[in-house]
Structures are given as structure tokens and as C-alpha cells.
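Per-entry structural report
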Amino acid sequence: MACCVSDTSATPEPTQGAWPHRCPGTMFARGLKRKSAEDGEDVEGGLAGTQATPSYSLQRQSLLDMSLVKLQLCHMLVEPNLCRSVLIANTVRQIQEEMTQDGTWRVVAPQAAGRAPLDRLVSTEILCRSVREQEGERPAPDVGDGRMPGLVPGLSAVPSAQALRSPQSSLWEVDSSRENRGGFQKSLDQIFETLESKTPGSVEELFSDVDSSYYDLDAVLTGMVGSTQSGHGSGLQAFTSAATPPPGSSCRSDLGELDHAVEILVET
Amino acid sequence: MAGAGGGGCPAGGNDLQWCFSQVKGAVDEDVAEADIISTVEFNYSGDLLATGDKGGRVVIFQREQENKSRPHSRGEYNVYSTFQSHEPEFDYLKSLEIEEKINKIRWLPQQNAAHFLLSTNDKTIKLWKISERDKRAEGYNLKDEDGRLRDPFRITALRVPILKPMDLMVEASPRRIFANAHTYHINSISVNSDHETYLSADDLRINLWHLEITDRSFNIVDIKPVNMEELTEVITAAEFHPHQCNVFVYSSSKGTIRLCDMRSSALCDRHAKFFEEPEDPSSRSFFSEIISSISDVKFSHSGRYMMTRDYLSVKVWDLNMESRPVETHQVHEYLRSKLCSLYENDCIFDKFECCWSGSDSAIMTGSYNNFFRMFDRTTRRDVTLEASRENSKPRASLKPRKVCTGGKRKKDEISVDSLDFNKKILHTAWHPAENIIAVAATNNLYIFQDKVN
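Summarised in this report is the structure supplied together with it. Values in this document were obtained by computation on a predicted structure and should not be read as measured data.

With respect to the nonpolar core
If you look at the biggest cluster of nonpolar residues, it comprises 45 residues, and the most contacted ones within it are Tyr311, Leu335, Leu342, Tyr343, Ile348 and Leu419 of chain B. When residues of this core are traced back to their parent elements, those giving at least two are helix H3 (56-76) and helix H4 (82-102) of chain A together with helix H1 (288-292) and helix H2 (339-344) of chain B. With nine residues, the top contributor of residues to this core is H4 of chain A. Once residues within four sequence positions are removed from consideration, Ile348 of chain B is found in contact with Phe287, Ile290, Ile291, Tyr311, Leu339, Leu342 and Tyr343 of chain B. Formed by 19 residues, the second largest nonpolar core is a distinct cluster that contains Ala362, Phe372, Leu385 and Ala387 of chain B.

Have a look at this one:
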């Protein structure tokens, strides 16, 4: 098979059904060989030579980003397909494990918070950053909890993120505001917290909202209030249900924030 | 086919000349989502062919009887009954819609004049009775022919109602509804060889039912971890052994199959046999696990083998050997280098089914571009055929198709990049005794027959 070639300077195209030449299919097939190639390869600046083949790390990062977005979409679906979610989450975990072994799993220290660099994830930042890069230079908004978006050096814009920009940029905009602690934020946090864990193999809380045994009054009221008051389509109600907290928590989804989130979605 | 001389079925896919027989469904380019066929199943005799669709409807076709005056219509399948099996529902507690899509249909063996089948969506299984009515009673005492009640005081004489023939009417009525037993989405149902029980499997649990009892089911497999955070594997398919009523298998998203014996314990969490092929380290990639996920598992009619379908291949396993399959057939190996794109557009999660021929000598499964593949286990030959309206002249032979994987594309070959990934054949069925196959292509059902037939 012809190797898929990627030109990082070209404007990527939407991918639905197409065979994007930028897709590094064959590179992913040689997962193990990468280790020897890595030493000789310049991860960050591109390769010496005439072929503009992106480095393995970039491709891996691209796959990670794509997977995280897919997991997000899983949470937004009316009926998340559990098998698909599990398979994607396992893929993310695999990548995380490999990146941890590489030592490439690192986060830039937040400017003011003084946290240790490994406390927060790089993924959020990269995804946010790659989207914002397409939209031109913008001051990166504060992403809650003192996480400051930073740059992982050497990584240029991830092509795959752009194809998903339209529906996703609104997601990130919602996410970027500290106030929006509706279903979105909780789902995102759940997903990103999973990768934060230093013990690979535990996808924390990723599926906790799938567990439907917690039909206590809080959960029921949250869901019913959300569905009667929001009055929006079933997609929104999925957010409400995704935000249903474990028993014992008195958290109620803020309907004002949910409305705001819906407004943004509807506009796109 | 019984007429083929030495008894038993003739050899499988490749000694046969497959011909177009019929196609059912709309011709429109615009496919209504509800019309997409989601399951296809022959009954035990092969005279009835049931399809379920995303709109929750079941359509049953019946094979026409042999008629010497119309030899060409012999063996044609025509609509026998259509009914709405499942309706969309709303789960108020979770604020989620429950799709009405029919995931599986399984027939019960026929025990009297009526036919019974089980149909299921994500949450609820229903037992349907399909019966014929070709007589009606006339001459009631208490009501008129048009059904209006008569004034009792005006009745001066009594008569015995008589049965008169009428146009055949086929009625479908729900006899049992098996609900509220599955938290996750049902992916399989399987009728036991005892004809009294059946199993239903969702992502994390398998339940055993008695066909007569709807308010109770027994949980026989539960792989839900205490902490959902630790979930890494789900159940993808399950089936009862065709002869041993205590044995069933279930497959997982990690490419493993577990065979369980219900006699060993009530909860079959510990398997009796564990089938897994060791991974080939040279082909390992980030997609290895996803493409190893098994989308379908089917016992052979003999009960000696089982077949599994993963994304790129079908494997035949001998039940006596757990370490590796006895046969591996590549369905569309040319997609291996495209896995990243297929992951991106979600095609990598497509769940293809597979089926055995009546004699177990051949196996069939679907692919993209409306292609389907047949593998003859005796001659070791395989063929790629296409279900399309272009090859749909009556009794026209199907021409084998070939996908060009690189280099110069020959005439009549199609290159990998030209394949239409929206045209996927996920559901196929093989007549239990004859060489007749049903292939579901989105909203169309194709029926192909062997020329000899």
C-alpha cells in the first residue's frame, strides 16, 4: 500500500468518507518500530529529507485528539454506544501509556497557579489550542481550576481538529468559561481526569454516568427538572443526564448554564 | 438441496453459480432512515424470511409453493406479513430515547400451524405469533353480519354459525413482552435447543428467560465491574449451542470468546472454555484492539465449530481447541492500511454479521461497497460478489468482483479509494437447507439463488 503522506503546511480538508492523504495509516501500523525510529527522528521540527511525513509523535497526538473528541461526542449522544466508548477509551489509554513511557506525557507549568506540571493534562490545552490557532491568535481564556493553556513545544496545529472545528469550537467556547459548569464541563472533566491518573488502566468516572442504578430522588429530580424546564430536544436532555451526579451529591445542573450552552450550539 | 443426488447439500460457495433472484425495497436514491434493514433471518424450514428495520417494523416473506404452471415463480419470496414490532420509547428516568430499531429476530421452531418469532430492540424482547386465518364464521345469533348487535328481543330463532372461506389473512399478535431486564443495549438473542428457554445479551449481562414467563429472568453472566471506571471490555454477541442446551458462548470487544456451561453454576462468570488467538506482535497498532473486537459469533449447524467475525476477518474455531482458530479468512485485508481513516469516519466500529451455509461447507459475510464475501471451506476458494440493482436481471449470474490493492488497476477492478463506505452489507442470511441467500443492502433486500435451483 502506498504510504499516506502528510503535508503539515497544507490546509486540511473535511474528512467524511474521504481518504485524507494526511492520514498516517501506515505509520500507525508500525507501532513498535517507532521506538528505533524515534531516536533518529527529529520529533519536533519535521524530518530531514524531501518527504513531508509527520513524525510519529505528531500522528499519535492527532489520534489522541481525535479519540478525545469522539469520547466527547459519545457523551453528547442520546444513546451512547457503550462498546464504542469502551474501545475508544482503551485506545486513549494505550496512547497515554505509551506517551508516559516515552516521557512525552508532560504539561507546561501553569503560570500563576504554582501546581506541579504533571497535575494537569496536556490534551485539553492542545485541543483548545489547535482550534484557536485556526481562528487566529486569541488570548486563551481561563480554563477553570487555574489551568492555563500552554503550548507543548514543537507541536504544530493538529490537522484533524480542524475538520471538526465547527461543532467543536462552540464546545470549547462553552468549556472555556468558568461559569459553564453544566453537563459539558462535567463530561469533559471526567474524560480529561481519566488521563490525568498516573496509574494507567483506570478510566476514572468515564462510565460512571452510564451506571443507572442510582435512581435516588436527587438524580430523578435532576433529570426530570432538566427535561421539563429546558424544553429542548433530547440532545440537551442527554447533557442533563450525563451531569447526573452520584448519590449523595446535592449538585443540581444549572439550567441557566444549560440554556446558554444550547444557545451556542443552536447558533452553530 | 435434497435433489442433488447423493443426499445432503452440495458443496458451498464456489462450485455454485449465484444468480440474482429478487430484490425488495425502494429504488429511491434517498433512503429513509426507518427503512434501513437491521436484521435478516430465515426460519427453520427456510420457507419464511424475516427482516427487521430501524423503524421497528418486521416484514416476513414467504416462499411460494412450487407451481408447475408458473415455473419461474417457484421459490420466490413474497410478502407474507408486515407489522410494527417496536415503537420508539422514552426513558424518563435517564432522559434518553429508546430506539425502536430491531436489533435481532430469531424464529422459534414450528410446533403448530402458527409461526413464532422473537424480536428485540435495545431494551425489550417480544414474542410474536403469526397465524393465518382463511375462514370466518357467518351466521351469528347476537350480531349482524356487519357486527352490529342485534336487539335480543327480535331474535326468534337460533342457528349454528357456519365457517366460510375468506381471503387469506395473516395476523401478527404479540404474545409475550419481556421487558425491564436490561440496563444496557441488547445485542443478541438466542433460542435454546430445548425450545423452552432463550438468552438475551446486552453489553454487560446475559439473561436467561423461559418463553412462558415474562416477569422474571435469570442473570447468567455479569461482567459489570464494581467500579464502572474499570470497564475495559463488553459483551458483543452470544449464542446457545445448537444441540447442547446447557452450553452457550459469548464474545467480547477484546476478541475473546467464552464458552459457558450452565450446569456448572448459576452464574456463569467463570467460563468452561476460553478462546483467544495470540496477537501477532508484528502487526500491532493502536487499532489492534478495535479491529479484534468480535461483532458476531455463530455456531455451525453441526455444533462442532463456531465462527467469529472481527473487523477484517472471519475465523472458524473448533470447540475442542481454544488456542487458535482452525481457519482464518480475510474479508477485506486491503483496509488494514486505511484503519486511521476508518477510525475517523467511525466505519471501524461497523458490526458485520456472518453466517454458515446449511451444510457448513461455506461461510458468508458482508463488506463495503455492497460487496459480500463467500468462503468455501472445502475447496478453500473465496469469491466477492456485489448486491446492486445493475446486476438485477432475473436469473442473471453474478460476476465476481475484485478490489485492486495497488499498482495497475485492471479493467473491472475497483480501487480501494473508490469504495463506497456508506454501502455496507452488515446482515446476511443463508437458507438452512438450500443454496438461497438473503443479503441486506441498506434498505434493499436481495435474494440470490444457485443456478441449479
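Let's talk about the pairing of strand S18 (residues 257-261) of chain B
Residues and elements named next belong to chain B. Burial runs high along S18: five of the five residues are buried. Burial of the side chains of S18 extends over both faces: Ile257, Leu259 and Asp261 are buried on one face and Arg258 and Cys260 on the other. In the sheet, strand S17 (residues 247-252) pairs with S18 via five bridges, with the strands oriented antiparallel. Pairing of Val247 across the sheet is with Asp261, part of S18. The loop that links S17 with its antiparallel partner S18 comprises four residues; one of these, Gly255, has a positive phi angle of about 80°.

As for H4 of chain A
Residue and element names in this part refer to chain A. The end-to-end C-alpha separation of H4 is 30 Å, in line with the 30 Å expected for 21 residues at 1.5 Å each. Of all 21 residues in H4, 17 are buried; the element is thus mostly enclosed. At the N-terminal boundary of H4, the capping side chain belongs to Asn81, with an oxygen 3.1 Å from the backbone nitrogen of Cys83. One or two steps after H4, the chain reaches Gly103, where phi turns positive at roughly 85°.

A word on the sheet that holds strand S22 (residues 313-318) of chain B
All names here are of chain B. Strands sit in the order S20-S21-S22-S23 across an open sheet of four strands; the sheet is antiparallel. In this open sheet, the two edge strands, each paired with only one partner strand, are strand S20 (296-299) and strand S23 (327-330). In this sheet, adjacent strand axes meet at a mean angle of 15° when their direction is disregarded. Across five bridges, the pairing between strand S21 (residues 305-309) and S22 is antiparallel. Residue Arg309 lies in a different strand from S22, and its bridge partner there is Val314.

As for the sheet that holds strand S31 (residues 436-441) of chain B
All names here are of chain B. One open sheet holds the four strands; their spatial order is S1-S32-S31-S30, and the pairing between them is antiparallel. The strands lining the two open edges of the sheet, one partner per strand, are strand S1 (18-24) and strand S30 (427-430). Geometrically, the sheet is characterised by an average inter-axis angle of 20° between neighbouring strands, direction not taken into account. Where S30 meets S31, four bridges bridge the pair, whose relative direction is antiparallel. Pairing of Thr428 across the sheet is with Val439, part of S31.

Topic: the packing of aromatic side chains
Residue and element names in this part refer to chain B. Enumeration over the complete set of coordinates arrives at 19 aromatic pairs over all chains. With a centroid separation of 5.2 Å and 75° between ring planes, the pair formed by Phe178 and Tyr198 is classed as edge-to-face. One end of the pair, Phe178, is in strand S11 (residues 162-178); the other, Tyr198, is in strand S13 (residues 197-201), with 20 residues separating them in the sequence. Side by side, Phe178 and Tyr198 carry an identical accessibility label, which is buried.

Brief notes about the pairing of strand S32 (residues 444-450) of chain B
All names here are of chain B. S32 sits mainly inside the fold: seven of its seven residues count as buried. Taking every second residue as pointing to the same face, both faces of S32 are buried, with Asn444, Tyr446, Phe448 and Asp450 on one and Leu445, Ile447 and Gln449 on the other. Where S1 lies against S32, six bridges are found, and the strand directions are antiparallel. For Gln22, the partnering residue across the bridge sits in S32 and is Ile447. Of the strand pairs in this sheet, S31 and S32 are connected by six bridges, and their pairing is antiparallel. Bridge pairing in S32 places Ala440 opposite Leu445. In this structure, the hairpin formed by S31 and S32 is closed by a connection of two residues, where Thr442 is found at a positive phi of approximately 55°.

How each quantity is defined
- Residues numbered from 1 in each chain as written.
- Chains lettered and ligands numbered in written order.
- Predicted model: local features only at pLDDT ≥ 70, side-chain atom pairs only at ≥ 80, totals over all residues.
- Heavy atoms only, no water.
- Core = buried A, V, L, I, M, F, W, Y, C linked by side-chain atoms within 4.5 Å.
- Buried < 20%, exposed > 50% of the residue type's maximum accessible area, 1.4 Å probe, protein only.
- Helix = DSSP H or I, 4+ residues; strand = E, 2+ residues; numbered from the N terminus.
- Contact = heavy atoms within 4.5 Å.
- Pairing = 2+ DSSP bridges.
- Expected span 1.5 Å × (residues − 1).
- Polar contact = N/O pair within 3.5 Å; in protein donor to acceptor, adjacent residues only side chain to side chain.
- Axes fitted to C-alpha atoms, helices over the stretch in contact; angles between N-to-C directions.
- Phe/Tyr/Trp six-rings, centres within 6.5 Å; stacked < 30°, edge-to-face > 60°.

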